[in-house]
Structures are given as C-alpha cells and as structure tokens.
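Survey of secondary and tertiary structure
These are the residues of each chain, in order.
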Number of protein chains: 2
Amino acid sequence: MGEPFDRADVRIAVDAMGGDHGPSEVVPAALAYAEAHPLDRVILVGRPEAIETAAGRPLPATVRVAPASEVVRMDEHPALALREKKDASILVAVDLVRRGEADAVVTAGHTGAGMAAAVLRLGRLPGVDRPALAVQMVTETGPFVFLDIGANPDSTAENLHQYAHMGAIFAERVLGVPNPRVALLSIGEEKGKGDARIAGATELLDRSGLNFVGNVEGKDLVRHLADVVVCDAVIGNVTIKFFEGLSGFIFDLLRREFRRPPRGPLAYWLLRPGLERIRAIFDYERVGGSPLLGVRGTVIITHGRARRRMIRYAIEVGAETARKQVPDLIRERLEELSGRGRPVEAVEA
Amino acid sequence: MGEPFDRADVRIAVDAMGGDHGPSEVVPAALAYAEAHPLDRVILVGRPEAIETAAGRPLPATVRVAPASEVVRMDEHPALALREKKDASILVAVDLVRRGEADAVVTAGHTGAGMAAAVLRLGRLPGVDRPALAVQMVTETGPFVFLDIGANPDSTAENLHQYAHMGAIFAERVLGVPNPRVALLSIGEEKGKGDARIAGATELLDRSGLNFVGNVEGKDLVRHLADVVVCDAVIGNVTIKFFEGLSGFIFDLLRREFRRPPRGPLAYWLLRPGLERIRAIFDYERVGGSPLLGVRGTVIITHGRARRRMIRYAIEVGAETARKQVPDLIRERLEELSGRGRPVEAVEA
C-alpha cells in the first residue's frame, strides 16, 4: 500500500501500453482524468515516444512518464510473458505501487498478466487466502459488485466468505452503499440447494456479521436483490461473458432489424430516445473498472477492448479505491476475522 | 426402460397435474399430441375428474387415464413431498415406465420432484455414475444440448465426461445432428484455463472418441460453436436462469419503450415483422423439453410455467427420445466405456 494517506490526492500508475488500442486510447483517458483532478498525480507507464505521440502535446505538470520498454500482448501466455519481459509496462506499473511510489495501478492490458503481476509483485494482504477479481454488474437501479470472475479457480467455502467481506468493503467505500446486502449465487434460494462449497459458504456467511441476505439464482442477477454477489471464479467468469455474449446477440438482432428498409430505419428514428434510455442502463463503460481485491495495493483491470471513456472511468475507480483505503480496510477486516476464527470457538466449546 | 421397441408407436405417460397451470394446460397439450400422432398412446396421470373437466369432451381411444390422487406442489420440498405423497401423479407416472407400461414420462411439475422420482424409482443406467438434466439452448442457427443444469451438484471430471457422451447421443438421435461437436464450458479456450474438474474433463474428452472441439467461454454460448456443451450443475443452472433473467430484462425494457406514446406504439407497428423474427429465434417453447439423461427410461421435464404449446413440444421430445431408444444407446455406450476404463490401461502400462 505504500505510505498512509494523510492527504486527499492519490498517485495513479496507468499502464499506457495495455489493451487492444494501447497508448492511443489509454493516454487521452489519463490526460482527461488528470485535467479533471488537478490534485491527483498520474504516472503513464510505457514507451516514452509512444506516450508522447499519443498525447500530441506537452504533458501537464501533474502527469509524468515512467519508462517501460516492453508490453505483454493480449494473445500471450501471462506467466511466460512476465518471466521473459522484465521491463513489461504492467510489471513496471505494479512495481511503482510496491515501492510506494504510486497508490493504484490501472490497466486495460491482458487480464491474466495484470492479475499475475499483482499477485507476484504485491502479494496477498495478511489474512487473505486468495485474491478475487470483481466487476460491477449493471442493473436498472445501479451496479452491484460481483466476484470472483476469474482470479481463483478451485475456490473453497472460506474463499467465498472472504470475497464477501472484500466485496462488501468495496461496495460500501467506493460505490457508497451503506451496509451492503451480500448474497451467494446458487441453484435456488433455499439454503439446502447448490454444492458442498455453497453449503459451506452459506454457513460461514450466516455468522459473518455481514448483511447476508441469502442465496440468489441466476435469474435474480438483473434484479439488484443484493449489492454484493459472491461465487466461484468459473461461475463468475462464465456469467459475465455470457452477459456480454447474450446482450450483444440480442442488440445485434435488433440492430439488424432497424437497418432493414423501409420500416426499420423509421422505427429506429422513432424509438431512438427509448433506445438511449436502454443504452444508459447497459452502459458497461461506466462500470468497467474491475478491482482485484485482496492484494497489497489497489489494482484495477478494465476490458482489453476499452476505449478512452471506459479507461477514464477505470482510473476514477482506481483513484477512489486508493483514496478510500480499500486495501487497508480489507487487511484490517480479514486479520480480525482470522483472529477470531476456529481456534477461539474451540476454546469456547 | 420397458420392453424393447419392436414397433413405431410409443406410450407416453403425461403428468397431468404438474406445472403452474395443471390439467387446464397439460390435458389440451396431450390431446393435441394424441390427435397428431394416432399410432402413439398417451396416458394422462392424475385426478380423473380434473382431467375430464380439462378435456371437456370424451377422450379419444388412444388416450387413457391412470388415476393418481395427489400432486407435488411447486413450492414443496421434493424429497419430503415424495415420501409423504405415495400417490403423487409424478410417482405414478414414473412407475408406469418402471413397470414397462409406458416408454416415457413427461412432466411440467416440480423439477426437483421429477428428478428425484426418476432417480428413486427408475434408478441409474448401468455404467452411469450420475444422471444429468439437459436443456436445448437457443441460438440463431438452432438449438444445442446444454448439460448438466441441475441434476448433480458436486460433479467430477468423470461425470462431465459421461454427460458429454449422453448429450452427444441425444443430439445425434433426437436433434438429428450427425457426429455432434462436443465442448466443455470454461473460463477460456486454452486448455490450461479453468479449475481442476475442467482440466480433468478436458483430458478425458480428448481421448473420448467424441468429436471434442475443446473449451468454450460464456460469450460463445450464443454462437453455436458446439452441438453439446457440458458443465457442472451449478454453472449450468446459473447460466440458464441468467439467460431467462437477462433476456427477459432486455425484452421488458423494449416493451416498455414500445408502449410509451406517442412514438413507441408506431415504432412497434413498424418493427413488428422484425420483432417476430427475433421472437422466433428466442422461441424457447419449441425447445422446452429437457431430458433427464442417465436414468433407466425416458424422462422429460419442462418448465413449470409452460403452457399447452410448450408442453406439447415436450411430449414430442419425449416420444422421439423413447422412439430413438436413447436410454438403451446411453447404456450401451457407457457400459462399453466403463469396460475399457482405467483397469485396462493399467494392464497396458
């Protein structure tokens, strides 16, 4: 985490080379953020010439460049790439956080490489068994925190329990939800349903002190029945990718019909205000900053396809997560949890 | 399984009391099926007076009633209900298959009760470790078989391997797909991704003799990259319920905009042919017959909310599954598999 926050400003390391579009989208996003937040500091990590070209003008005083000569490409194997590319922008950016020279790192680069770099170089927070990657899932009434979406396959009931605490802290501090409702994703609402992992996690959550509202089903995910929904990595990953695939499929089918003359274009023109309202609900760019929770520092990963608007929102989330000291709060909560764990109960028994 | 099929006609036991709407939707569906398939026989299982009232006319010669005085309600605990209600329509219907008096059972009743009744009274086929509930998932180019969606939480890699064989037989015989492409649902397409169960299943599928096309992601489910997609029960259940929730959510938002005067209704009128095309793609009623694969007999479960059109399609699937001797083929394939399993390899090594 670096030094404690005794000031309002944060320093954000931005992986300038990451993502499908690289500096041409990341750098403008970072500059827009810097201009809107003059008290914060932005560190663009990557090839100086590429960053300068993408900026197209002298950098403002609050933005500096940290050189990194290599990039992990989106199609590389993350572990191999990190081993070979010691000067990869994501590693240099994470190291700034490790050395206390930055408070957060934001990347649109390879998700697996970002997670591996963070776990490798920052390590887990004390009390955290496994980190989790969270997303903000859209609903009509606002986003909820959904985790794990891929950091930790083969999770245990205790892992899910820890995710719930970490997600609740993020929801409370960054999304501003007081006493967030926590739920477990399962086959049915009844407590007996699901598998052994879900049964174990239900038991742990029942006595977690969290505002645990029980188990929710897949169909409830659009209904905002909880502010934090916890599940294993495979389920979470399949769910968010299916979200992308299914909503994209439906909107593509509609687009095709709106383009079909003669009636389609007129229908589109008539329905346009309504379609804008729907688009605003499905504005995943606004919620595209995904925190990797449980590591020693603030790490935000956004979609490889992200363009400047989405990347800028991811930087906002990174700044807010660092400013609200989410990693410190997670450490405190989970140290406290492991302190009053099984052994204490054994003494009471 | 009953006697071997030496004739083209099949006898289908229909749980007349099951589902949210009970006999008023099930009985007309069964009668419509019987009229369209005069060589088949339909056995309506339930309260005779309720069935007669719902029929509203004398039953045709190919339809008979098997009395059952009780019903498992949709909100009951399946195991408890089956223990207390010995004369429940689903039990009586399954027993007809067990005694060889029917070739298939079709129910819109409580899914858990239907599965429990089938496993309890029919048992597993030789060679099958655990049964799996499959659905037909819609894509633009037709349905694919997706399983397990909830029969067997805590599945193993070997279970997934067996599901693949069972799903492939159903796809080939009932959906008419030659040499069906089989895939495993995972976090990424690369073989290293996913959890230990997926890794183990990938290995088994690689040498399964099936047309295994590898691992697919959640976003690929709408793309029809495979004819059979296999996963654990919790993932499958969350996915199909999320499908229901998310597509329902999007279509509800659109409906709201189409209703908003003055432009919405006109846009709706203009776009109506296009919306009909989209509705035809998402016509889950046509594919709503879900086979429980791996039990000794043909068991088809459809949605509790199903109305007569969907129930009739489920009866069609049940008849086709029995006619094509899917349970016999599964038994043959899985007995063969367990015959050439680990012990033989040990000898070779």
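Our subject is the structure that appears above.
I will try to describe carefully the structure that is included in this document.

Calculation criteria
- Residues numbered from 1 in each chain as written.
- Chains lettered and ligands numbered in written order.
- Predicted model: local features only at pLDDT ≥ 70, side-chain atom pairs only at ≥ 80, totals over all residues.
- Heavy atoms only, no water.
- Least-squares fit on C-alpha atoms with pLDDT ≥ 70 in both.
- Contact = heavy atoms within 4.5 Å.
- Salt bridge = Lys/Arg side-chain N within 4 Å of Asp/Glu carboxyl O.
- Buried < 20%, exposed > 50% of the residue type's maximum accessible area, 1.4 Å probe, protein only.
- Helix = DSSP H or I, 4+ residues; strand = E, 2+ residues; numbered from the N terminus.
- Axes fitted to C-alpha atoms, helices over the stretch in contact; angles between N-to-C directions.
- Nonpolar A, V, L, I, M, F, W, Y, C, P; charged D, E, K, R; others polar.
- Expected span 1.5 Å × (residues − 1).
- Polar contact = N/O pair within 3.5 Å; in protein donor to acceptor, adjacent residues only side chain to side chain.
- Pairing = 2+ DSSP bridges.

**Here we look at the relation of the copies chain A and chain B**
You can overlay chain A on chain B at an RMSD of 0.0 Å; the transform is a turn of 180 degrees with a shift of 0.0 Å along its axis. On the angle and the small slide along the axis, the relation comes out as a two-fold axis. Among all C-alpha atoms of chain A, that of A267 of chain A lies closest to the rotation axis, at 2.2 Å. Of all interface residues in chain A, 100% are interface residues in chain B too; the two copies therefore contact each other through one and the same surface.

**Details of the pattern of salt bridges**
Side chains that differ in sign of charge can pair as their charged atoms come close. This structure, assessed with the given rule, holds 56 salt bridges over all chains. Residues E257 of chain A and R260 of chain A are paired through a salt bridge, measuring 3.0 Å at the closest nitrogen-oxygen approach. Residue classification places R260 of chain A among the partly exposed positions, given a relative accessible area of 36%. Here R312 of chain B makes a salt bridge to E316 of chain B, at a shortest N to O gap of 3.2 Å. Of this pair, R312 of chain B and E316 of chain B both sit in helix α10 (residues 308-323), 4 residues apart, roughly one helical turn.

**Details of the packing of helix α8 (residues 233-258) of chain A against helix α9 (residues 263-281) of chain A**
The relative placement of two packed helices comes down to the angle between their axes together with the axis-to-axis distance. All names here are of chain A. Contact geometry for α8 and α9: axes closest at 9 Å, N-to-C directions at 145 degrees. In contact with F251, E257 and F258 of α8, α9 contributes G264, P265, A267, Y268, L271, L275 and I278. Residue composition of the contact of α8 with α9, by class: 8 nonpolar, 1 polar and 1 charged.

**Focus on helix α8 (residues 233-258) of chain B**
Residue and element names in this part refer to chain B. The first and last C-alpha atoms of α8 sit 37 Å apart over 26 residues, in line with the 38 Å expected at 1.5 Å per residue. Counting buried positions along α8 gives 20 out of 26 residues, so the element sits mostly inside the fold. By the N-cap criterion, in which a side-chain oxygen at the helix start approaches the backbone nitrogen of a residue two or three places on, α8 is capped by D232, the distance to V234 being 3.1 Å.

**Details of the side chain of T202 of chain B**
Within the secondary structure, T202 of chain B is located in helix α7 (residues 196-206). What makes T202 of chain B buried here is its relative accessible area of 4%.

**Focus on the environment of L91 of chain A**
All names here are of chain A. As for its position among the elements, L91 is in helix α4 (residues 89-98). Spatially, the C-alpha atoms of L91 and V45 are 9.5 Å apart, while their sequence positions differ by 46 residues. In this view, L91 contacts L82, K85, K86, A117 and R121; residues no more than four positions away in its chain are not counted.

**Focus on the interface of chain A and chain B**
Taken together, the 55 residues of chain A in the interface contact 55 residues of chain B. Seen at the junction of chain A and chain B, the total is 6 salt bridges. A salt bridge links R256 of chain B to E140 of chain A; the nearest nitrogen and oxygen atoms lie 2.7 Å apart. Joining chain A to chain B, the criterion identifies 16 residue pairs in polar contact (both at pLDDT 80 or more).

**Remarks on helix α1 (residues 23-36) of chain B**
Residues and elements named next belong to chain B. Over its 14 residues, α1 runs 19 Å from end to end, which matches the ideal 20 Å to within 8%, given 1.5 Å per residue. Burial within α1 is extensive, with 10 of its 14 residues counted as buried. Every buried residue belonging to α1 is among P23, E25, V26, V27, P28, A29, A30, L31, Y33 and A34, and all of these are buried. Taken together, the buried residues of α1 touch β1 (11-15), β2 (41-46), α2 (48-55), β3 (63-67) and α10.

**A word on unusual backbone geometry**
Across the junction of P261 of chain A and P262 of chain A, the peptide omega takes the value 0 degrees, indicating a cis bond. The topology assignment puts P262 of chain A in the loop between α8 and α9. Between L147 of chain B and the following residue, D148 of chain B, the backbone shows a cis peptide bond with an omega angle of 0 degrees. Residue position: D148 of chain B is located in the loop between β6 (144-147) and α6 (157-173). Within the chain, N179 of chain A stands out as a residue other than glycine whose phi angle is a positive 45 degrees. Note on placement: N179 of chain A falls in the loop between α6 (157-173) and β7 (181-185). On the basis of relative accessible area, N179 of chain A is assigned to the exposed category, the value being 54%. Phi is positive for Q325 of chain B, which is not a glycine, with a value near 55 degrees.

**Some thoughts on the sheet that holds β6 of chain B**
All names here are of chain B. Judged by pairing direction, the sheet is mixed, and its 11 strands sit side by side in the order β3-β2-β1-β4-β11-β10-β5-β6-β9-β7-β8 without closing on themselves. Because the sheet does not close on itself, it has two edges, and the strands there are β3 and β8 (211-216). Sheet twist, expressed as the mean angle between neighbouring strand axes with direction ignored, is 25 degrees. Where strand β5 (residues 132-137) meets strand β10 (residues 290-293), 2 bridges bridge the pair, whose relative direction is antiparallel. Each bridged residue has a counterpart across the sheet, and for A132 the counterpart in β10 is L293.

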